[in-house]
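Inside the fold
Each chain is listed here by its residues.
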Amino acid sequence: MKVKKFGGTSVGSAERIKNVGKLISGCKKDIIVLSAMSGTTNSLLEISSAIKDSDQARAIELIDLLREKYAVTINDLYKTADYKAKATEAIEEIFDELKELSKKPYSQQLEKEIVAKGEMMSTNLMNLHLHEEGINSVLLPALDFIKIDKHGEPIEEFIKEEATKSIASYPEADLYITQGFICRNEDGEIDNLQRGGSDYTASLIGAVLGADEIEIWTDIDGMHNNDPRFVEETRPVHNLHFEEAAELAYFGAKILHPTCILPAREHNVPVRLLNTMDPSAEGTLIENNLEKNAIKAVAAKDNITAIKIKSGRMLLAYGFLKKVFEIFEKYETSIDMITTSEVGVSLTIDNEKNLPKIEEELGKLGSVTIDRDMVIICVVGDLEWTNKGFEAAALEALRNVPVRMISYGGSNYNISFLVRKEDKIKALRLLSYHLF
Ligand code: ADP
Ligand code: ASP
Ligand code: MG
């Protein structure tokens, strides 16, 4: 059994849905995870933000605009009047629910319920399309089995048990379709796995059910060696170790959700990245296999804040770093990079929500300096410390870029540089030029 996830662009129009239908039509017993049609999640967030601004007229206007888009898709997707009617009924029901939601006062919970509609719509459209093509697919509601705890972490035991039950209720089915991204939280409310979370859904399901492979189908032929949005002439990397892929995803390679490799790695299920626009392209295979002595790829993570704490009172006296870390723990803010010296420690965070409180408490330990709008540039490959020259090559490439922090040796797979936002593209291009 394989789990196959198709992203927003892959199901972004009637043509694309038909194309995916053809790709999966022969896949017996596979589990198909779908994102919302491209643009839909953003539209739903816009609707939610109109509600937040108490602009109900705007919310209704946006809902109607989206409704029209779906009407066009339905008309183009189905051959028969019967299926056009069935799909219209299913989608209209969702739009009616959206209209009801738009009458409520804004809350974060309301936003989650609104944004969940995108995946509900795409999966309904695909399921009916498959039925019209004579395929016995079944729609399994992800809200029945994808669950997170109070820290937003997926509850794997629950997912395994409930997904197994859901699948077992339909032994005759050819294919199982489910929603990516959406889930329930520990109180049973609708929640989600953060933007791009459909990859995470697929990885979780594939991992806990012990799939043969998790396929992430998108609009590009695999993980490239640099960010194709900013660097020309990037190339697909055909093989990556789980750790390399996890570092790239976490440090900004948008093709994968930041933490989606973790379950696959833990359960040793290979992940393959494939291109719906070019299904025969080799793509990228991610597994427990390391290509020795090679730098594989570069990625960048935006919106990083660097915090420096300088202490006259002996930074390296034991217990000092503990006190620093406890402050971040107390305010549930994770640290990405860290560097230390005798007089100070620098670290980075990607979430400023609790920064004022963190800054205040750190101030009791020493003087605090904050640098905003920074970017982590992450170079990934076989960077085991006894391999000579790789870290020097990366540094040499950045010779003319001011570097605020360097982190090496935390893993065998990465060296990270913190640079200013305005130097990001230059740094990415220089690294590509010098390393590949
Ligand atoms: P989907 O909607 O299918 O989930 P995403 O837009 O989330 O697709 O991810 C695919 C996009 O990721 C590509 O179109 C590409 O622009 C971007 N991307 C960023 N970094 C990389 C990289 N290193 N390799 C491949 N694609 C990347
Ligand atoms: N639809 C969600 C998003 O746009 C999840 C996903 O596409 O993976 O972020
Ligand atoms: Mg994505």
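Look up: the structure comes first, before these words.
Note that the coordinates shown come from a computational prediction; the quantities given were computed from them, not determined experimentally.

What follows concerns the sheet that holds strand β2 (residues 31–34). Pairing within the open sheet is mixed, and its 8 strands lie in the order β3-β4-β2-β1-β7-β9-β10-β8. A single partner strand is all that each edge strand has here, and the edge strands are β3 (137–140) and β8 (239–241). In this sheet, neighbouring strand axes are inclined to one another by 20° on average, regardless of whether the strands run parallel or antiparallel. By the bridge criterion, 4 bridges tie β3 to strand β4 (residues 175–179) in an arrangement that is parallel. Looking at β4, one finds that Ser137 is bridged to Leu175. Of the strands in this sheet, β1 (2–6), β2, β4 and β7 (213–218) touch helix α1 (residues 14–24), which is tilted by about 170° from β1. Together, β2, β3 and β4 form the strand contacts of helix α6 (residues 117–132), whose direction differs from that of β4 by roughly 160°.

Turning to the packing of helix α2 (residues 40–52) against α6, a few remarks are in order. For the pair α2 and α6, the least separation of the axes is 9 Å and the interaxial angle reads 140°. Put simply, α2 runs oblique to α6. By crossing handedness, the relation of α2 to α6 is classed as right-handed. Side by side, α2 and α6 meet where Thr40, Thr41 and Leu44 of the first sit next to Lys117, Gly118, Glu119 and Met121 of the second. Tallied by class, residues from the contact of α2 with α6 come to 2 nonpolar, 3 polar and 2 charged.

Another point: helix α4 (residues 81–102). Taking 1.5 Å per residue as the helical rise, α4 with its 22 residues ought to reach 32 Å, and the 31 Å between its terminal C-alpha atoms agrees with that figure. When we look at burial in α4, the residues that qualify are Tyr83, Ala87, Ile91, Ile94, Phe95, Leu98, Leu101 and Ser102. Projected down its long axis, α4 carries its buried residues within an arc of 100°, all on one side. Those residues of α4 that are exposed and angled more than 90 degrees off the buried face are Ala81 and Glu89. The elements touched by buried residues of α4 are α2, α3 (56–77), α5 (108–115) and α6.

Right, let's get into the sheet that holds strand β13 (residues 344–349). Ordered in space as β12-β13-β11-β14-β16-β15, the 6 strands form an open sheet in which the pairing is antiparallel. Edge strands, defined here as strands with exactly one partner in the open sheet, are β12 (335–340) and β15 (403–408). Across the sheet, the mean angle from the axis of one strand to that of its neighbour is 30°, orientation sign disregarded. Pairing analysis gives 12 bridges linking strand β11 (residues 295–310) to strand β14 (residues 367–381), with the strands arranged antiparallel. From the neighbouring strand, Ile295 faces β14, where its bridge partner is Gly381. Of the strands in this sheet, β11, β14, β15 and β16 (414–420) touch helix α13 (residues 390–397), which is tilted by about 15° from β16.

The next thing to look at is the site of ligand 1. Around ligand 1 there are 16 residues in total, and Lys5, Thr218, Asp219, His224 and Lys254 lie nearest to it. Here an oxygen atom of ligand 1 and a backbone polar atom of Gly8 are 3.2 Å apart. The contact in question runs from an oxygen atom of ligand 1 to an N or O atom on the backbone of Ile255, over 3.4 Å. Surface burial for ligand 1 is 87%, taken as the share of its 570 Å² of free accessible area covered by protein chains. Of the residues contributing to the shell around ligand 1, the split by class is 5 nonpolar, 6 polar and 5 charged.

Cut-off values and rules
Residue numbers run consecutively from 1 along every chain, following the written order of its sequence. The order in which chains are written sets their letters, starting at A; the order in which ligands are written sets their numbers, starting at 1. At least 70 in pLDDT is required for a residue's local features to be given in this predicted model, at least 80 for side-chain atom pairs to be given and counted, and no such filter applies to totals for whole chains, interfaces and linings, which use all residues. Heavy atoms from the whole structure form the basis of all side-chain values; hydrogens and water molecules are not counted. Strands were regarded as paired on the criterion that DSSP finds at least two bridges between them. Only DSSP runs of H or I reaching four residues or more are called helices, and only runs of E reaching two or more are called strands; each is numbered from the N terminus. To define axes, lines are fitted to C-alpha atoms, for helices over the stretch in contact only, and angles between the resulting N-to-C directions are given on a 0 to 180 degree scale. Between two residues, a contact is recorded if the distance between any of their heavy atoms is within 4.5 Å. Angle categories are assigned with fixed cut-offs, so that under 35 degrees is roughly parallel, over 145 is roughly antiparallel, 65 to 115 is roughly perpendicular, and the rest are oblique. Handedness of each helix crossing follows the sense of rotation of the near helix against the far helix: counterclockwise by less than a right angle gives left-handed, clockwise gives right-handed. Three residue categories are used. Nonpolar comprises Ala, Val, Leu, Ile, Met, Phe, Trp, Tyr, Cys and Pro, charged comprises Asp, Glu, Lys and Arg, and polar comprises the others, including Gly. Any helix carries an expected span of 1.5 Å times its number of residues minus one. Categorising residues by exposure relies on relative accessible area from a 1.4 Å probe, with only protein chains included: less than 20% of the type maximum marks a residue as buried, more than 50% marks it as exposed, and the intermediate range marks it as partly exposed. The directions from the helix axis to the C-beta atoms are what the arc is built from. Near is defined per residue: the residue qualifies when any heavy atom it owns lies within 4 Å of the molecule or strand. Within 3.5 Å is the distance limit for a polar contact, defined as a pair of N or O atoms, with the added protein rule that one can donate a hydrogen and the other accept it, and that residues adjacent in sequence qualify only through two side-chain atoms. Accessible areas in this description were obtained via Shrake-Rupley with a 1.4 Å probe; residue shielding takes into account the shown protein chains only.

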